[in-house]
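Okay, here's what each chain looks like letter by letter:
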Amino acid sequence: MSGGVEMTEKLPLSLSVQQEVQLRFLGPSDVTEVKKLCREWFPIEYPDSWYEEITSNSRFYSLAATHHARIVGLVVAELKPQAKLNKEDGDLLASYYPPTAQVAYILSLGVVGDFRRIGIASLLLDSLLSYLTSKDRHDCKAVYLHVLSTNTVALRFYERRSAVVTKLQPCAFPRQVYTAVRNIIQRMLSRSVTEVSHNS
């Protein structure tokens with residue numbers, strides 16, 4: 001998974017804590033703290049260059065939720081043209097959209113354990129969606145992400161947010177291709193055998 005949400009069920013904190021949370025963009029000085037958080041939250045080891053990119057490159061929307069200057073949540077997304085999607089995500093938009101149509105990919109969305117279930121993930125996601133639906137971003141046609149199928153809390157979170165959840169089975173497509181090719185070869189072989197028997 002290259003991105004997603006890591007959340008577990010926790011008792012909600014007081015509303016006063018939620019009111020003290022502030023949002024700000026990540027910067028280069030956040031690399032160490034963001035690296036520590038991502039290692040705690042996600043089952044992926046990002047390279048150091050990824051942390052440098054998301055904290056300094058303007059092509060990423062990298063927003064932190066902070067509580068008394070401590071990062072307690074973050075969302076990282078990348079806006080890119082449909083033509084630059086990975087092959088497995090290529091059919092995300094309908095075929096009538098041009099290759100230049102923009103899509104947003106959420107690489108990461110996470111919240112510190114003690115601050116979960118008080119609306120911080122929703123606040124971060126809402127801020128991202130507000131940015132993507134602004135006048136300057138009118139060409140963004142879709143937002144997507146990858147979530148582990150075992151992360152049921154994250155799946156429920158996105159479903160509550162009216163997201164369309166599609167469960168992919170990575171091995172199904174190659175198996176289908178193999179079966180289709182095998183069937184074609186078998187038909188060709190049986191046709192050849194039939195032709196040989198008729199001609200002899």
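Scoring rules and cut-offs
- Residues numbered from 1 in each chain as written.
- Predicted model: local features only at pLDDT ≥ 70, side-chain atom pairs only at ≥ 80, totals over all residues.
- Heavy atoms only, no water.
- UniProt positions renumbered as here; feature names shortened; annotations may be inferred.
- Helix = DSSP H or I, 4+ residues; strand = E, 2+ residues; numbered from the N terminus.
- Contact = heavy atoms within 4.5 Å.
- Areas by Shrake-Rupley, 256 points an atom, 1.4 Å probe, with all protein chains shown as cover.
- Phe/Tyr/Trp six-rings, centres within 6.5 Å; stacked < 30°, edge-to-face > 60°.
- Buried < 20%, exposed > 50% of the residue type's maximum accessible area, 1.4 Å probe, protein only.
- Core = buried A, V, L, I, M, F, W, Y, C linked by side-chain atoms within 4.5 Å.
- Polar contact = N/O pair within 3.5 Å; in protein donor to acceptor, adjacent residues only side chain to side chain.
- Salt bridge = Lys/Arg side-chain N within 4 Å of Asp/Glu carboxyl O.
- Pairing = 2+ DSSP bridges.
- Right-handed = clockwise from strand over helix to strand, strands pointing away.

The chain goes by N-alpha-acetyltransferase 60 in an unreviewed UniProt entry, where it is assigned to Biomphalaria pfeifferi. The UniProt entry for the chain carries the following text under Sequence similarities (unreviewed entry): "Belongs to the acetyltransferase family. NAA60 subfamily."

A. Layout of the overall build of the chain. Of regular secondary structure, the chain possesses six helices and six strands. For the chain, the sequential pattern of α-helices and β-strands runs β-α-β-α-α-β-β-β-α-β-α-α. Once local pairs closer than 6 in sequence are excluded, the contacts in the chain between residues at least 24 apart make up 72%. Carbon and sulfur atoms make up 55% of the accessible area of the chain, which totals about 12500 Å².

B. Expanded view of the packing of aromatic side chains. Evaluation of the coordinates by the stated rule reveals nine aromatic pairs. With a centroid separation of 6.0 Å and an interplanar angle of 90°, the aromatic rings of Tyr-46 and Tyr-51 are classed as edge-to-face. Across this residue pair, the class does not change: Tyr-46 and Tyr-51 are buried. Where Phe-157 meets Tyr-158, the ring centres are 5.1 Å apart and the plane angle is 70°; that geometry is what we call edge-to-face. The rings of Phe-25, Tyr-61 and Tyr-131 are connected pair by pair, giving a single aromatic cluster.

C. Looking closely at the nonpolar core. If you look at the biggest cluster of nonpolar residues, it comprises 47 residues, and the most contacted ones within it are Val-34, Val-75, Ile-120 and Leu-128. Contributing elements (two or more residues each) for this core: helix H2 (31-41), helix H3 (48-56), strand S3 (60-67), strand S4 (70-81), strand S5 (102-111), helix H4 (120-132), strand S6 (140-144) and helix H5 (152-160). Among the elements that take part in this core, S5 stands out by supplying seven residues, more than any other.

D. Representation of the side chain of Asp-30. Mapped onto the elements, Asp-30 comes out in the loop between strand S2 (22-25) and H2. Excluding its chain neighbours within four sequence positions, the residues that come into contact with Asp-30 are Arg-24, Phe-25 and Ile-71.

E. A look at the side chain of His-67. Turning to its location among the elements, His-67 is positioned in strand S3. The exposure class of His-67 is buried, given its relative accessible area of 13%. There is a polar contact of 2.8 Å between the side chain of His-67 and the side chain of Glu-20.

F. Here's a closer look at the pattern of salt bridges. Tallying each qualifying case throughout the model produces six salt bridges. Residue Glu-40 is joined to Lys-36 by a salt bridge in which the shortest nitrogen-to-oxygen separation is 2.9 Å. Here the residue Glu-40 and the residue Lys-36 both occupy positions in helix H2, the gap between them amounting to four residues, near one helical turn. Of the charged contacts, one joins Arg-39 and Glu-45 as a salt bridge, the two residues approaching to 3.1 Å between their closest N and O atoms. Owing to a relative accessible area of 44%, Arg-39 belongs among the partly exposed residues under this scheme.

G. Region of the structure containing the pairing of S6. The sheet contact formed by S5 and S6 spans four bridges and is parallel. Its bridge partner lying in S6, Val-103 is registered against Ala-142. On the question of chirality, the crossover connecting S5 to the parallel S6 by way of H4 is right-handed.

H. Expanded view of H5. Those residues of H5 that fall on the buried side of the exposure criterion are Val-153, Ala-154, Leu-155, Phe-157 and Tyr-158. Trailing H5 by a residue or two, Ser-162 shows a phi angle of about 65°, which is positive.

I. Structural context of unusual backbone geometry. Unusually for a residue other than glycine, His-68 sits at a positive phi of about 50°. Taking the relative accessible area as the measure of exposure, His-68 reaches 63% and is therefore exposed. Phi angles above zero are rare outside glycine, and Arg-117 is one such case at about 70°.

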